[in-house]
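# Structural characterization, general
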2 protein chains.
Amino acid sequence: MEIATTVAEVRELRAIIARRRWAALQRRPIVGLVPTMGALHEGHASLMNAMVAETDVRLCSIFLNPRQFEDSADLSRYPHALDRDLELCRSAGIDLVFAPSAEEMYPRGFETTVQAGPLSSRWEGEYRIGHYDGVLSVVLKLLNITQADVAYFGEKDFQQLRLVERMTFDFDMEVHILAVHTVREADGLALSSRNALLTEEQRQYAPQIYRALKVAADAFSAGERDSQIILGKAGHELAAWSQQGFSVDYMQVVDPETLAPRTTAQHGDRVLFAGQLGDVRLLDNIMLEEDLTGL
Amino acid sequence: MEIATTVAEVRELRAIIARRRWAALQRRPIVGLVPTMGALHEGHASLMNAMVAETDVRLCSIFLNPRQFEDSADLSRYPHALDRDLELCRSAGIDLVFAPSAEEMYPRGFETTVQAGPLSSRWEGEYRIGHYDGVLSVVLKLLNITQADVAYFGEKDFQQLRLVERMTFDFDMEVHILAVHTVREADGLALSSRNALLTEEQRQYAPQIYRALKVAADAFSAGERDSQIILGKAGHELAAWSQQGFSVDYMQVVDPETLAPRTTAQHGDRVLFAGQLGDVRLLDNIMLEEDLTGL
């Protein structure tokens, strides 16, 4: 596994590895990218496994992007552990890690950015102003730097996934964005680097998020279509949150393309959730699916 | 010469032409692009001549981008003549013209844009709010669609040239931006599609722009370094403008990289000009150069 810290280095190493693969495969190799902010966990490993199965040259970027943290306390608290991250990349079968400094990504004079559209202003956009502009700007840069044919994103950050898809379409980029299912702890908690920041007590309440989402999905597959009723049932699971001073920022049934709220739920809709356990913001979501087992 | 009107078509035709050239040249062909808004003139022909001399596959885009016209009257007035444009492309040696509709470039749901940085807020940016965001968004799309290795821009729109260079650098795009000298009428007026909109009387005053810029450049090469004095001399040439009700929106000595105004002029600085002759906005600029003929 090679490790590059500059744009020039990662381009050169990518070209060398691609040429080697080209000779071995006798065809143009497919280049994959898993962009990460480090503090890697099994969720990232699952993205990497998908990439290793589907591409010929496998890149992973590790960059804690300051421009997507509108709250500097949140940035300084964010977990990092580069040595462990590199170990996980190595065992997942990554060919090339790109781990640049902030100065390498944003040299003096940097000023052009991506402006996310209306899809970014709902949900997380209401709580984190400018966050998605920062996400899209760095994703655009990473895709251009690595010239990836395929890039992998987790479904856990569903709005981010949609926005990245939207950007690559709007900007006519020749890259495929692939979504990978959320990986969960045994108790249902979606894996997230932020989980490490939870206190023992907060950690006990965190699995209620997925339990609530499951209740919503079960209500839908049992035939309920009224979003109010579906969300009301799900909300019961989170009744203890307000007593603990935790907040549910939003839990909504949305159109999976436009992310607009839906009054009458349809097959394929998503329930989006965001909440705050003390200082820790957690996101999760679930797809609403018709029960086809009886057919 | 091939003509494509959709993104899919231009990509396919570009690939076919590139493969043919690859076979003929026995090396990867270099792809060039001249992006235009149509109403082509000898200034565009000069960009195309540079491209034909330096690249192997030559593309020209003709797209009157509505998103860079903040004033809809200005857009509807802008000249267009597709048949003549195609004739000029053909005789210049273009391989492939991309002439999409607005719906093809901005389909329903389009929402992600480029946000130009501080370099865009000065000069033209003060008069045309959002103009450069529209320019950069369409240039990004055209570069991605054509996958050009080299793109050609005229020096006449100097701020635009700098902003495009800045974007390709900030976004880590693997494309070279080449600047081509301004082409002028015999009387010095910089070629522009907007010149066709001038009345006969306005046309008589238009050459005073370049005369003023020449006076500035001559003052500099004669040893004057005080921007105030240089601009004062140049301003005399435009004395008749205010009597005619024409405006000089700005005429300034600027750093050629940052476009910041310069009190003491240096070799390589630019004098930027913008003015309004009735409804018609004209831009021009000149480089300040030391007189080296005596060395």
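Bear in mind that the values here come from a model prediction, so they are computed numbers and not experimental data. (Residues numbered from 1 in each chain as written. Chains lettered and ligands numbered in written order. Predicted model: local features only at pLDDT ≥ 70, side-chain atom pairs only at ≥ 80, totals over all residues.)

Let's shift gears to helix α8 (residues 158-170) of chain B. All names here are of chain B. In this model, α8 (13 residues) spans 18 Å end to end at C-alpha, consistent with the 18 Å of a helix rising 1.5 Å per residue. Most of α8 sits inside the fold, with ten of its 13 residues counted as buried. Along α8, the residues that are buried comprise F158, Q159, Q160, R162, L163, V164, R166, M167, T168 and D170. In the stretch just after α8, D172 is the one whose phi turns positive, near 55 degrees. (Helix = DSSP H or I, 4+ residues; strand = E, 2+ residues; numbered from the N terminus. Expected span 1.5 Å × (residues − 1). Buried ≥ 20, exposed ≤ 12 C-beta atoms within 10 Å, placed from the backbone.)

Attention now goes to the nonpolar core. By size, the foremost hydrophobic cluster in this structure holds 148 residues, and its most contacted members are L136 and A216 of chain A together with L136 and A216 of chain B. Excluding residues that lie within four positions of it along the chain, A216 of chain A makes contacts with I230, L231, K233, A234, V271 and I286 of chain A. (Core = buried A, V, L, I, M, F, W, Y, C linked by C-beta atoms within 7 Å. Contact = placed C-beta atoms within 7 Å.)

A word on the sheet that holds strand β2 (residues 31-36) of chain A. Paired through their backbone hydrogen bonds, the strands of a sheet run either parallel or antiparallel. All names here are of chain A. Sheet architecture is open: six strands sit in the order β1-β4-β3-β2-β6-β7, paired in parallel fashion. On the outer flanks of this sheet lie β1 (2-4) and β7 (176-180), each paired with one strand and no other. Sheet twist, expressed as the mean angle between neighbouring strand axes with direction ignored, is 25 degrees. Bridge analysis of β2 against strand β3 (residues 57-62) gives six bridges, and the strand direction is parallel. Residue pairing in the sheet places P35 in a bridge with S61 of β3. Packing against the sheet, helix α4 (residues 82-92) makes contact with β1, β3 and β4 (96-98), and its axis sits at approximately 165 degrees to β3. (Pairing = 2+ DSSP bridges. Axes fitted to C-alpha atoms, helices over the stretch in contact; angles between N-to-C directions.)

It is worth spelling out the domain arrangement of chain A at this point. Buried accessible area, meaning the area lost when the parts come together, often serves as the stated size of an interface. Residues and elements named next belong to chain A. When its domains are assigned, chain A resolves into domain 1 (2-180) and domain 2 (193-286). Here the C-alpha centroids of domain 1 and domain 2 sit 27 Å apart. Between domain 1 and domain 2, the residue contacts involve 15 residues of the former and twelve residues of the latter. Sorting elements by how many residues they give to the side of domain 1 that touches domain 2 places helix α8 (residues 158-170) first, with three residues. Its residues assigned to classes, the side of domain 1 that touches domain 2 shows seven nonpolar, two polar and six charged. (Domains from an automatic or database assignment. Nonpolar A, V, L, I, M, F, W, Y, C, P; charged D, E, K, R; others polar.)

Residue and element names in this part refer to chain B. Read from one edge to the other, the open sheet built from six strands follows the order β1-β4-β3-β2-β6-β7, with strand pairing classed as parallel. Pairing within the sheet leaves two strands with one partner each, and these edge strands are β1 (2-4) and β7 (176-180). Between one strand and the next, the sheet's axes are offset by a mean angle of 25 degrees, whatever the strand orientation. When strand β6 (residues 150-154) meets β7, the two strands line up parallel, connected through five bridges. The partner of Y152 across the bridge, within β7, is L178. Together, β6 and β7 form the strand contacts of α8, whose direction differs from that of β7 by roughly 165 degrees.

With that out of the way, let us pick up the relation of the copies chain A and chain B. For these two chains of identical sequence, chain A goes onto chain B by a turn of 180 degrees and a shift of 0.0 Å along the axis, with RMSD 0.0 Å. In short, the pair behaves as if placed about a two-fold rotation axis. It is V114 of chain A whose C-alpha, among those of chain A, lies nearest the rotation axis, at 2.3 Å. Here 100% of the contact residues of chain A are again contact residues in chain B; the copies associate through an equivalent surface. (Least-squares fit on C-alpha atoms with pLDDT ≥ 70 in both.)

This part covers helix α11 (residues 227-236) of chain A. Residues and elements named next belong to chain A. For α11, the set of buried residues is S227, I230 and A234. Take α11 and look down its axis: the buried residues cluster within an arc of 65 degrees, on one side only. Away from its buried face, by an angle of more than 90 degrees, α11 presents the exposed residues Q228 and H236. Contacts from the buried residues of α11 go to α10 (208-221) and β8 (247-254). (Arc of directions from axis to C-beta.)

Residues and elements named next belong to chain A. Looking at the element boundaries, E185 is found in the loop between β7 and α9 (200-205). With 14 C-beta atoms counted inside 10 Å, the residue E185 sits in the partly exposed group. Along the sequence, E185 and P207 sit 22 residues apart, while their C-alpha atoms lie 8.8 Å from each other.

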